[in-house]
Amino acid sequence: MPGHLTRTGPLTSSVTHLVDGARQSVTCSTFNFQRSSGVWTALRQAAQRPELILRVYLDAAAAGQGAPTAAQVAAQLRPGTVLRTKEFDGRQVRNHAKFLAIDHRFLLVTSANFSWSAEHGNIEFGVFIDNPT
């Protein structure tokens, strides 16, 4: 995009504010979660808001390897919907996509996993789109 339209800044660490400000829906896709992530807490709070539809896509194989299992994520985000990858054609499908869509308006596509280190220490790249139409 044209240089005058791009910015740098603490995009990954500001994700919790986007989730907190959601009015209708939050859709999240991630390889895995870490309990240290601000997004982990923000999504839990969003799940408790009856006016919000929460949907999370998760890599089933990555969950549980030092990260919360898919069942633990589903319990944390109840009554939200947690969908996990399955086997297809004899192989485990992998989900490495990381994005957050909020209220059919905001879209964040990022390299960052939802962990404390990604939110506060790593250099991560992403694009944030705010399109009210």
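Residues numbered from 1 in each chain as written. Predicted model: local features only at pLDDT ≥ 70, side-chain atom pairs only at ≥ 80, totals over all residues. Heavy atoms only, no water.

*Asks:* What exactly am I supposed to notice about the overall build of the chain here?
*Replies:* The number of helices and strands found in the chain is four helices and eight strands. Written out in order from the N terminus, the α and β elements of the chain read α-β-α-β-α-β-β-β-β-β-α-β. When the 133 residues of the chain are sorted by exposure, 37% land in the buried category. Pairs at least 24 residues apart make up 72% of the contacts formed inside the chain by residues separated by at least 6 positions. Accessible surface, the chain as shown: approximately 8,000 Å² in total, 53% of it carbon and sulfur. (Helix = DSSP H or I, 4+ residues; strand = E, 2+ residues; numbered from the N terminus. Buried < 20%, exposed > 50% of the residue type's maximum accessible area, 1.4 Å probe, protein only. Contact = heavy atoms within 4.5 Å. Areas by Shrake-Rupley, 256 points an atom, 1.4 Å probe, with all protein chains shown as cover.)

*Asks:* Quick question: what am I supposed to make of the environment of aspartate 103 here?
*Replies:* In this fold, aspartate 103 is placed in the loop between β6 (99–102) and β7 (106–110). Residue classification places aspartate 103 among the buried positions, given a relative accessible area of 15%. Spatially, the C-alpha atom of aspartate 103 lies 9.2 Å from that of proline 132, the residues being 29 residues apart in sequence. With residues up to four places along the chain from it excluded, the contact list for aspartate 103 reads Gly21, Ala22, Arg23, Gln24 and Ser25. Among the polar contacts listed, one links the side chain of aspartate 103 to the backbone nitrogen of arginine 23, at a separation of 2.8 Å. (Polar contact = N/O pair within 3.5 Å; in protein donor to acceptor, adjacent residues only side chain to side chain.)

*Asks:* What should I look at first to understand the nonpolar core in this one?
*Replies:* The nonpolar side chains of a soluble globular protein tend to be buried, and buried together. By size, the foremost hydrophobic cluster in this structure holds 25 residues, and its most contacted members are Val19, Phe33, Leu43, Val56 and Leu100. Counting only elements with at least two residues in this core, the list comes to α1 (15–20), β1 (25–30), α2 (38–47), β2 (53–58), α3 (70–76) and β6. Tallying contributions element by element places α2 first for this core, with six residues. If we ignore the near neighbours within four places in the chain, the residues touching valine 19 are Ala42, Leu43, Ala46, Arg49, Leu100 and Ile102. (Core = buried A, V, L, I, M, F, W, Y, C linked by side-chain atoms within 4.5 Å.)

*Asks:* Whenever I open this one, the pairing of β6 confuses me. Can you help?
*Replies:* In regular strands, side chains alternate between the two faces of the sheet. On β6, burial follows the alternation: Leu100 and Ile102 on one face are buried, whereas Phe99 and Ala101 on the facing-out side are not. For β1 and β6, the ladder comprises four bridges, and the chain directions are antiparallel. Bridging from a neighbouring strand, valine 26 pairs with isoleucine 102 of β6. Where β6 meets β7, four bridges bridge the pair, whose relative direction is antiparallel. In the strand pairing of β7, phenylalanine 99 is matched with valine 109. Between β6 and β7, which pair antiparallel and follow one another directly, the connecting turn spans three residues, one of which, aspartate 103, has a positive phi of 55 degrees. (Pairing = 2+ DSSP bridges.)

*Asks:* Just to check I follow, could you spell out the environment of phenylalanine 125 for this structure?
*Replies:* Summarising the element assignment, phenylalanine 125 is placed in the loop between α4 (116–120) and β8 (126–130). Here phenylalanine 125 falls in the exposed class, since its relative accessible area comes to 63%. Beyond its immediate chain neighbours, meaning those up to four positions away, phenylalanine 125 contacts Val109, Thr110 and Ser111.

*Asks:* Any chance you could explain α2 here in plain terms?
*Replies:* Helical periodicity: at 3.6 residues per turn, an α-helix aligns residues three or four positions apart in one direction. Within the sequence span of α2, burial applies to Val39, Trp40, Ala42, Leu43, Ala46 and Ala47. In this structure, the buried residues of α2 make contact with α1, β1, β2, α3 and α4. The opening residue of α2, the one whose side-chain oxygen lies 2.9 Å from the backbone nitrogen of valine 39, is serine 37.

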